[in-house]
Amino acid sequence: MALDFVAGCIGGCAGIIIGHPLDTLKVHIQSGRGSVSKCTKALLKGGTLANAYRGVGAPLGGIAAINAIVFGSYGNTIRAMPNPESLVAHGFAGGVAGILQSIVCTPVELIKTRQQLAKAGEMMPTGAWSGARYVIRTSGYRGLFRGFGITVLRDSPGFTMYFMSYEAMTRGNQDAMRVFMGGGVAGALSWIVSYPVDVIKSRLQGDVVQKYAGAWDCFTQSLRTDGWRCLTRGLGPVLLRAFLSNGACFTAVAWTERIWQQIIYPPVTSFHKSKSVKDSPDYVYDT
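Conventions adopted
- Residue numbers restart at each chain and count upward from 1, following the sequence in its written direction.
- Given that the model is predicted, a residue must reach a pLDDT of at least 70 before its local features are reported, and side-chain atom pairs must reach 80 or more before they are shown or counted; all residues, however, enter totals for whole chains, interfaces and linings.
- Hydrogens and water are ignored here; the side-chain numbers use all heavy atoms of the structure.
- UniProt positions are given in the numbering used here, feature names are shortened, and annotations may be inferred rather than shown by experiment.
- Only residues above 30% relative accessible area that lack a salt bridge enter a patch, with like-charged residues linked at up to 9 Å and the nonpolar side chains Val, Leu, Ile, Met, Phe, Trp and Tyr linked at up to 5 Å.
- Note on areas: Shrake-Rupley with a 1.4 Å probe; residue coverage comes only from the protein chains shown.
- Salt bridges are defined as contacts in which a side-chain nitrogen from Lys or Arg sits within 4 Å of a carboxyl oxygen from Asp or Glu.
- Put simply, DSSP H or I for four residues or longer makes a helix, DSSP E for two residues or longer makes a strand, and each gets a number counted from the N terminus.
- With a 1.4 Å probe rolled over the protein chains alone, any residue whose accessible area is under 20% of its type maximum counts as buried; one over 50% counts as exposed, and the rest are partly exposed.
- Only Phe, Tyr and Trp rings take part, Trp by its six-membered ring, and two of them pair if their centres are within 6.5 Å. Stacked means planes under 30 degrees apart, edge-to-face means over 60, and tilted covers everything else.
- All axes are obtained by fitting lines to C-alpha atoms, using only the stretch in contact for helices, and the reported angles, taken between N-to-C directions, cover 0 to 180 degrees.
- Our angle categories are set so that under 35 degrees counts as roughly parallel, over 145 as roughly antiparallel, 65 to 115 as roughly perpendicular, and the remainder as oblique.
- Ten residues, namely Ala, Val, Leu, Ile, Met, Phe, Trp, Tyr, Cys and Pro, are considered nonpolar, four, namely Asp, Glu, Lys and Arg, are considered charged, and the remaining ones, Gly among them, are considered polar.
- In this description, contact between two residues means that some pair of their heavy atoms is separated by no more than 4.5 Å.

- The protein carries the name Mitochondrial carrier protein in an unreviewed UniProt entry, which gives Pieris brassicae as its organism.
- According to the UniProt record, the Subcellular location (unreviewed entry) comment for the protein reads "Mitochondrion membrane".
- Annotation of the protein in UniProt includes, under Sequence similarities (unreviewed entry), the sentence "Belongs to the mitochondrial carrier (TC 2.A.29) family."

**Notes on a nonpolar patch on the surface**
No. 1: On the surface, Ile 99, Leu 100, Ile 103, Phe 145 and Phe 148 cluster together into a nonpolar patch covering about 410 Å² of accessible area.
No. 2: The biggest single contributor to the nonpolar patch is helix α4 (residues 87-117), with 3 residues.
No. 3: For Phe 148, the position within the fold is in helix α7 (residues 148-170).
No. 4: A residue is classified by how much of its surface remains accessible, and Phe 148, at 32% relative accessible area, is partly exposed.

**Considering the packing of aromatic side chains**
No. 1: Counted by the stated rule, this structure contains 11 aromatic pairs.
No. 2: An angle of 85 degrees between the planes, with centres 5.8 Å apart, marks the rings of Phe 159 and Tyr 162 as edge-to-face. Taken as a pair, Phe 159 and Tyr 162 lie in helix α7 at a separation of 3 residues, close to a single helical turn.
No. 3: Here Tyr 162 and Phe 250 contribute two aromatic rings whose centre-to-centre distance is 5.3 Å and whose plane-to-plane angle is 50 degrees, an arrangement assigned as tilted.

**What to know about the packing of α7 against helix α8 (residues 176-205)**
No. 1: Interhelical geometry of α7 versus α8 gives an angle of 170 degrees and a closest axis separation of 8 Å. Relative to α8, the element α7 lies roughly antiparallel.
No. 2: Looking at the contact of α7 with α8, its residues break down into 16 nonpolar, 10 polar and 4 charged.

**Some details on the side chain of Ser 194**
No. 1: On the secondary structure map, Ser 194 appears in helix α8.
No. 2: The class of Ser 194 is buried, set by a relative accessible area of 6%.
No. 3: Residues in contact with Ser 194, not counting those within four places in the same chain, are Arg 154 and Gly 158.

Below, the structure is given as structure tokens:
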């Protein structure tokens, strides 16, 4: 459990740092701020990545809680399954993890989305905690959980695809390149499944003027004004972000686990004269 948590936190931070600029681009496109090229130019205005990294504090601040839930519930659910090696078990455990992590992910992503979409002169603070206090002050504690239901609807199927496809692609081969490619492809596949729902979630959570009564109202208004194409607008940058950030995430997780195993069970030069080593053959390696 502790290893799942630590590895998940390290991997999650790596994925966020690499993928956040493309996540900001995604949110701007989904919210109707313009095309890919127009939003990219706006975010890179001034020649720095400061605008692209706006709102990164909230996901980095929440990564410990989110990954404790994701990797902890995933690992425990897998161990409780009657056939933990099956792909169905990995998919089911991923779905459970997606539901549970939405409890923390909803307020974290609401703050991130509001900060990413904030324009010059608006009152939304840039810090994670100050942003949370501002939302509570203006919308109450319920305002932090606006979009919870649609976050569950996005993340449960998304995490099902995520963990099941990663397991299928890396089973029996855990070399670095396979782990990176498996994580990247798994991330891209999960976003293909969940992206239309994510569009509605971003619009709903970014709605500071209460234009939408709820997720269904946001969905119907979006189709009426922008058509069905709005549900896939910006998918290209998202798939690139998903591949890079999730490849980095799973690679960091795998490296952390390997380093941990080397610390706990270091290689020994001989096992012929050591009773303690002889009694623990599963963790002994000749050098």
